[in-house]
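Residues per chain, in single letters:
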Amino acid sequence: MDIPVPLAHLLQALEAGDLPAAKAAAAELQRTSTGSTRLAAEVLHELRQPLLGVKAYTQMLSEEIGTRGPLRQMLAQVERMEQIISDFTRLASERPAPQQAVSLVTHVQAAARAFGLNPDSARVTLQVEAPEELTVQGNGRLLEQLTLNLLNNARDAVSGPGRVKVVLGREGTSPVMYVADWGPGVSEAVRHHLFEPYVTGNKRGTGLGLAVCRRIAQEHHARLELVPSSVLTAQPPPTTVFRVLFPAPGTVPASATSPAPGPAPAQAPARRRLLVVDDEEIIRSVFKDLMGRECEVLEAATAEEGLEQLKRGPVDLIVTDKNLPGLSGLELAQQARRMDPHSRVILMTGYPSLVTAQQALELGLLDYLLKPFDDIREVRTKLREALTRAVPTQRGLPRASRRVDVLEDNPASARRLTEALALVGLEARVLTGAPAEPAAEPPAAVVVSWELPGTYGRQALDLARTLGQGAPFVVLAGYLSQELVLEALRAGASGCLPRDLEARELGHELSRLLGQPL
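Here the structure is a predicted model, which means the values were calculated and not measured.

Here is what the cut-offs are and how they apply
- Residues numbered from 1 in each chain as written.
- Predicted model: local features only at pLDDT ≥ 70, side-chain atom pairs only at ≥ 80, totals over all residues.
- Heavy atoms only, no water.
- Helix = DSSP H or I, 4+ residues; strand = E, 2+ residues; numbered from the N terminus.
- Buried < 20%, exposed > 50% of the residue type's maximum accessible area, 1.4 Å probe, protein only.
- Contact = heavy atoms within 4.5 Å.
- Areas by Shrake-Rupley, 256 points an atom, 1.4 Å probe, with all protein chains shown as cover.
- Core = buried A, V, L, I, M, F, W, Y, C linked by side-chain atoms within 4.5 Å.
- Domains from an automatic or database assignment.
- Salt bridge = Lys/Arg side-chain N within 4 Å of Asp/Glu carboxyl O.
- Pairing = 2+ DSSP bridges.
- Axes fitted to C-alpha atoms, helices over the stretch in contact; angles between N-to-C directions.
- pLDDT = per-residue confidence, 0-100.
- Parallel < 35°, antiparallel > 145°, perpendicular 65-115°, else oblique.
- Left-handed = near helix turned anticlockwise from the far one by under 90°.
- Nonpolar A, V, L, I, M, F, W, Y, C, P; charged D, E, K, R; others polar.
- UniProt positions renumbered as here; feature names shortened; annotations may be inferred.
- Phe/Tyr/Trp six-rings, centres within 6.5 Å; stacked < 30°, edge-to-face > 60°.
- Lys NZ or Arg CZ within 6 Å of the ring centre and 35° of its normal.

Q: Explain the overall build of the protein chain here, please?
A: Looking only at helices and strands, the protein chain features 17 helices and 17 strands. Residues counted as buried form 48% of the 518 residues belonging to the protein chain. Long-range pairs, those at least 24 residues apart, make up 70% of the contacts in the protein chain between residues at least 6 apart in sequence. Roughly 25600 Å² of accessible area belongs to the protein chain as shown, and the carbon and sulfur atoms make up 54% of that amount.

Q: I would appreciate a short explanation of the nonpolar core in the present structure.
A: Counting residues in each nonpolar core, the largest one holds 45 residues, and the members touching the most others are Leu275, Ile318, Leu365, Leu407, Phe473, Val475 and Cys496. For this core, the element with the most residues is helix H16 (residues 482-491), which contributes six residues. In terms of domain composition, this core takes at least three residues from each of domain 3 (273-388) and domain 4 (403-514). Those residues in contact with valine 475 that sit more than four places away from it in its chain are Val448, Trp450, Leu461, Ala488, Ala493, Gly495, Cys496 and Leu497. Of all hydrophobic cores here, the second largest spans 34 residues; its members include Val124, Leu194, Leu210 and Ile216.

Q: How should I be thinking about the pattern of salt bridges in this particular structure?
A: Side chains bearing opposite charge may pair, as long as their charged atoms lie close to each other. In this structure the tally under the stated criterion is 23 salt bridges. Residue aspartate 156 is joined to arginine 155 by a salt bridge in which the shortest nitrogen-to-oxygen separation is 3.2 Å. Looking at arginine 155, the relative accessible area reads 5%, which means it is buried. Between arginine 499 and glutamate 408 there is a salt bridge; the shortest N-O distance is 3.0 Å. Here arginine 499, found in the loop between strand S17 (495-498) and helix H17 (503-514), pairs with glutamate 408, found in the loop between strand S13 (403-407) and helix H14 (411-423); they are 91 residues apart in sequence, far enough to count as distant. The exposure classification of arginine 499 matches that of glutamate 408, with both residues buried.

Q: Any chance you could explain the sheet that holds strand S5 (residues 174-181) here in plain terms?
A: Strand pairing within a sheet occurs via backbone hydrogen bonds; the two strands may be parallel or antiparallel. Reading across the sheet, the five strands line up as S2-S4-S5-S7-S6 and stay open at both edges, with mixed pairing between neighbours. The sheet is open, and its two borders are formed by strand S2 (124-129) and strand S6 (223-227), each paired with just one other strand. The mean angle between the axes of side-by-side strands here comes to 15°, regardless of whether they run parallel or antiparallel. Pairing of strand S4 (residues 162-171) with S5 involves eight bridges; the strand directions are antiparallel. Bridging across to S5, valine 167 finds its partner in tyrosine 178. Contacting S2, S4, S5, S6 and strand S7 (240-245), helix H6 (residues 140-157) crosses the sheet at an angle of about 25° to S5.

Q: Explanation requested: the confidence of the model for the protein chain in the structure shown.
A: In low-pLDDT segments, the atomic positions of the prediction should not be examined closely. With 79% of its residues at a pLDDT of 70 or more, the protein chain shows a mean pLDDT of 81. Across residues 33-38, confidence stays below pLDDT 50; counting only partners more than four residues off in sequence or on other chains, it has eight contacts. Confidence drops under pLDDT 50 across residues 252-269; counting only partners more than four residues distant or on other chains, this segment forms twelve contacts.

Q: Where do I start with the environment of leucine 245 in this structure?
A: One can find leucine 245 in strand S7. On the basis of relative accessibility, which here comes to 15%, the residue leucine 245 falls in the buried class. Between the alpha carbons of leucine 245 and tyrosine 178 there is a distance of 8.7 Å; along the sequence they are 67 residues apart. If we skip the residues at most four places from it in the chain, leucine 245 touches Glu171, Ser174, Pro175, Val176, Ala222 and Arg223.

Q: Looking at this model, I keep getting lost on the packing of helix H12 (residues 354-362) against H16. Mind explaining?
A: To describe two helices that pack against each other, one gives the angle between their axes and the distance between the axes. Packing of H12 against H16 leaves a shortest axis separation of 9 Å and a crossing angle of 15°. Here H12 lies roughly parallel to H16, going by the angle between them. Classified by chirality, the crossing of H16 by H12 is left-handed. When H12 is examined against H16, the residues Leu354, Ala357, Gln358, Ala360 and Leu361 are found in contact with a partner set consisting of Gln482, Val485, Leu486, Ala488 and Leu489. Partitioned by chemical class, the residues of the contact of H12 with H16 number eight nonpolar, two polar and no charged.

Q: How should unusual backbone geometry be read in this particular structure?
A: Outside of glycine, negative phi angles account for most residues, and trans bonds account for most peptide bonds. Proline 236 follows glutamine 235 through a cis peptide bond whose omega is -10°. For proline 236, the position within the fold is in the loop between S6 and S7. In this structure, histidine 221 takes a positive phi of about 55° despite not being glycine. Within the secondary structure layout, histidine 221 lies in the loop between helix H8 (209-219) and S6. In this structure, glutamine 469 takes a positive phi of about 50° despite not being glycine. By the secondary structure assignment, glutamine 469 is in the loop between helix H15 (458-468) and strand S16 (473-477).

Q: Just to check I follow, could you spell out the sheet that holds S13 for this structure?
A: Judged by pairing direction, the sheet is parallel, and its five strands sit side by side in the order S14-S13-S15-S16-S17 without closing on themselves. A strand with exactly one partner marks an edge of an open sheet, and here the two such strands are strand S14 (427-431) and S17. Along the sheet, successive strands turn relative to each other by an average axial angle of 25°, direction set aside.

Q: Help me out: how do you make sense of the UniProt feature "modified residue: 4-aspartylphosphate" (unreviewed entry) in the protein chain in this one?
A: This chain's UniProt record puts "modified residue: 4-aspartylphosphate" (unreviewed entry) on Asp321. In contact with aspartate 321, other than residues within four places in its own chain, are Val277, Asp278, Asp279, Gly329, Leu347, Met348, Thr349 and Lys371.

Q: Is there a simple way to explain the packing of aromatic side chains in this structure?
A: Aromatic rings considered in pairs are described by the distance between their centres and by the relative angle of their planes. All told, the structure shown has one aromatic pair when counted by the stated rule. Between tryptophan 450 and tyrosine 456, the ring centres sit 6.1 Å apart and the planes meet at 65°, which makes this aromatic pair edge-to-face. Judged by relative accessible area, which is 52%, tyrosine 456 ranks as exposed. Geometry around tryptophan 182 places arginine 163 over its ring, the cationic atom sitting 4.1 Å from the centre.

The structure is reproduced here in structure tokens:
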């Protein structure tokens, strides 16, 4: 297999021990990688090889000079990189691992040995209590990863010297594993989102470890949860205890993919449905892990596959990449709106532009997400808001009213707007500032200046929404920027227009945006 050039540079830098060059090559690889999950898997596989070499030679060197100072830090960072690769690989994988009857004790002990190899683990005392042999139906490698992630999480929670304990046993006939630590405990802010991807209370962590644990536990039909410290009899009592409760031998779980039950949520008769359309499998996997506990997540790699999903049944929200093989994300949004005028759609892109932002705005999309995401938690918040937002109404003017409220203090611009609205059979009511209260009779539409004195920018958008009382509104600006258009899109505007258009051209654009024929 030919190795991609940025990856080759990274491998060369690692082999040469040139860390600044390796960091630069890794950044270049991140910028230029546009491949699929198969390429990502190949990259991860290739990265494992130099990491193995770095780790092996560092360990051999440590036998000669001891694991002190920089050498200790290097080993700890290599271990951390290996764990990150394993976590990402597991989260990205949709293929169930083969399972068979295995010894839980054996694989927990193997994880404990791997934990001890990390120099950072030397500062904590690890105890493993396994009073009897326990057999579970599972995958040995994944059980080791589950245990190791829980151990790493416990160690990282303890600052300085500390104590971590693993207890194996049974609850009734069900095998159980407890992992306890004596660190600061889990804060209330983190507790309710503990197993969600990218949530962490530790500055060193990626927020993937416990999400991976949850995924592995689900694959083993086990329940992973945070439990009271009183379940263990240790003195002093631990501050944090995780329990993994496996199914009793011979039992068949109700569902192979059901989430680990926590506080039992009432099962709604119709669960919300989210359709994610992206040709990158890793992106679809991230969204599935991000939202899978809250709604049913459907996947499609192309717009055509997405449309087939929509034909099978309605969804509550569509999140689509803009650049797709075949039909684009914008074309998908158009066709989805033809199938259902109330469709909610969010567009994602790594190549934003004013043109596509305008197109998304005029299609009535809910949001326009920029890749790479700065904070995946903010994306989750946007998705939650979109799923609960009122269903978009079909755009167009109510027939009963011909009045359009024009919020514009520029006399020349107000005059052109009045002429333009007259060309499409509408009457302008010009307001040079915010009125004390909305009119008793709602307008047919609102045109608002982005630069309206006293209500500049986002405040002007809020004013237009308030005065419109559900009517469509258009934003007028002296200069259109991508940021301005995105603000208008998120506020629910029908469109943005430059202020310097002549009356006839302005009339044509208003006719198009408001659905009012000339």
